[in-house]
Amino acid sequence: MINLTIWSDFACPYCYIGEVRLQRAIEELGLTNDVNIDFRAFELDPTAPKEVTTTTPERFAMKYRLSVEDAKKQIEQISQLGRELGIDFRYMTTRYSNTRDAHRLMKLAEAKYDKETVGRLNEALFAAYFTENLVLTDHKTLMDKALDAGLKEEDVKDVLNSEKYDDEVRFDEREAMMRGVHGVPYIVINGSFAVPGAMSIDGFKSALQRELNKQGEASAAQPDGERPHACGPDGCKLL
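Everything numeric here is computed off the predicted structure, so don't read it as measured data. (Residues numbered from 1 in each chain as written. Predicted model: local features only at pLDDT ≥ 70, side-chain atom pairs only at ≥ 80, totals over all residues. Heavy atoms only, no water.)

**Let's talk about the pattern of salt bridges**
Side chains bearing opposite charge may pair, as long as their charged atoms lie close to each other.
Alright, step 1. The tally for this structure, following the rule as stated, stands at 19 salt bridges.
Alright, step 2. In this structure, Glu175 and Arg40 form a salt bridge, with 2.5 Å as the shortest nitrogen-oxygen distance. Remark: Arg40 occurs in strand 2 (residues 35–41) and Glu175 occurs in helix 8 (residues 166–179); sequence separation between them is 135 residues.
Alright, step 3. The buried category is assigned to Arg40, whose relative accessible area is 17%.
Alright, step 4. Taken together, the shared-partner salt bridges in this structure form one network comprising Asp38, Arg40, Glu175 and Arg179. (Salt bridge = Lys/Arg side-chain N within 4 Å of Asp/Glu carboxyl O. Helix = DSSP H or I, 4+ residues; strand = E, 2+ residues; numbered from the N terminus. Buried < 20%, exposed > 50% of the residue type's maximum accessible area, 1.4 Å probe, protein only.)

**Description of unusual backbone geometry**
Alright, step 1. Cis geometry marks the peptide bond from Val184 to Pro185; its omega dihedral reads 5°.
Alright, step 2. When you line up the elements, Pro185 lands in the loop between helix 8 and strand 3 (186–189).
Alright, step 3. The phi angle at Asn133 is positive, at roughly 55°, despite the residue not being glycine.
Alright, step 4. Relative to the helices and strands, Asn133 is located in the loop between helix 5 (115–130) and helix 6 (139–149).
Alright, step 5. Take Asn133: its relative accessible area is 11%, and that puts it in the buried class.

**Structural notes on helix 3 (residues 68–83)**
Alright, step 1. With 16 residues, helix 3 should cover 22 Å at 1.5 Å per step; its first-to-last C-alpha distance of 22 Å lies within 8% of that length.
Alright, step 2. Of the residues making up helix 3, those classed as buried are Ala71, Gln74, Ile75, Ile78, Ser79, Leu81 and Gly82. Angularly, the buried residues of helix 3 cover 145° about the axis, an arc narrow enough to put them on a single face.
Alright, step 3. Packed against the buried residues of helix 3 are helix 1 (13–28) and helix 2 (56–64). (Expected span 1.5 Å × (residues − 1). Arc of directions from axis to C-beta. Contact = heavy atoms within 4.5 Å.)

**Remarks on helix 2**
Because an α-helix packs 3.6 residues into every turn, residues spaced three or four apart end up facing the same way.
Alright, step 1. Of all the positions in helix 2, only Thr56, Pro57, Arg59, Phe60 and Ala61 are classed as buried.
Alright, step 2. Packing partners of the buried residues in helix 2 comprise helix 3 and helix 5.
Alright, step 3. Within two residues after helix 2, Arg65 carries a phi angle of roughly 55°, on the positive side.

**Some details on the pairing of strand 1 (residues 2–8)**
Alright, step 1. Across the 7 residues that make up strand 1, a large majority, 6, are buried.
Alright, step 2. Across 7 bridges, strand 1 lies against strand 2 in parallel orientation. Residue pairing in the sheet places Leu4 in a bridge with Ile37 of strand 2.
Alright, step 3. The handedness of the strand 1 to strand 2 crossover, carried by helix 1, is right-handed.
Alright, step 4. Of the pairings in the sheet, the one linking strand 1 to strand 3 comprises 4 bridges and is antiparallel in character. Each residue of the ladder has a partner; that of Ile6, found in strand 3, is Ile187. (Pairing = 2+ DSSP bridges. Right-handed = clockwise from strand over helix to strand, strands pointing away.)

**Details of the sheet that holds strand 4 (residues 193–195)**
Alright, step 1. The 4 strands lie next to each other as 2-1-3-4, forming an open sheet whose pairing is mixed. On the outer flanks of this sheet lie strand 2 and strand 4, each paired with one strand and no other. Along the sheet, successive strands turn relative to each other by an average axial angle of 20°, direction set aside.
Alright, step 2. Sheet topology note: the strand 3/strand 4 ladder contains 3 bridges and is antiparallel. Each bridged residue has a counterpart across the sheet, and for Ile189 the counterpart in strand 4 is Phe193.
Alright, step 3. Helix-sheet contacts for helix 4 (residues 100–112) involve strand 1 and strand 2, and the interaxial angle to strand 2 is about 145°. (Axes fitted to C-alpha atoms, helices over the stretch in contact; angles between N-to-C directions.)

**Here we look at the packing of helix 5 against helix 6**
Alright, step 1. Packing of helix 5 against helix 6 leaves a shortest axis separation of 8 Å and a crossing angle of 145°. For helix 5 against helix 6, the interelement crossing comes out right-handed. Mapping the contact onto sequence places Thr117, Arg120, Leu121, Ala124, Leu125 and Ala128 in helix 5 and Leu142, Lys145, Ala146 and Ala149 in helix 6.
Alright, step 2. Taken together, the residues of the contact of helix 5 with helix 6 break down into 7 nonpolar, 1 polar and 2 charged. (Left-handed = near helix turned anticlockwise from the far one by under 90°. Nonpolar A, V, L, I, M, F, W, Y, C, P; charged D, E, K, R; others polar.)

So, to be careful, I would describe these as geometric facts and stop short of saying anything about function.
The structure is reproduced here in structure tokens:
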């Protein structure tokens, strides 16, 4: 069994892209039943507002000191990576807001449901943001996605109407800080071999195969010389 620990945020484009590539790598290696995934929370901006206040091109332009047109070109390049995987990736029109409640629902799923339900919810929340361009602070959106994934309405209401699992989200983020994690996705294989970013499918296959062959190193690394893309509090590494 290979155990993967993944820190990510639902507003992180490389997290979505990276996790889809990782799943493809797992499937191509025939390891679907031999991999256990532990999802960890990492809010790119814990202080993000609950209301949408800017467009994605405006945020990019301000963050990277670009013109809005140049920002749109960068966003389109990232979106193309998602579309190459068959995702209807609409990064340009995402509606950025706080992701804490979405992470709390994931903690609920991990605490009370099976791994298939957890995986469905994880995928649904990424798709809600990047494909449907929904607002992840909207409780109806979160309820709908949770129910579709197989969670019970009373469980979801209990979390959304309280601060349940808030401590668990903060614990994940403190652990990331202690590990020196500054960008996501951040993937740890069997507790030792760390992949700091979204690699190619072949890169993930190489990393998984390395672990299968018991050749993993107990330190962060970038297999096969790749420079994985990642997003952090200061933004996403541009292509």
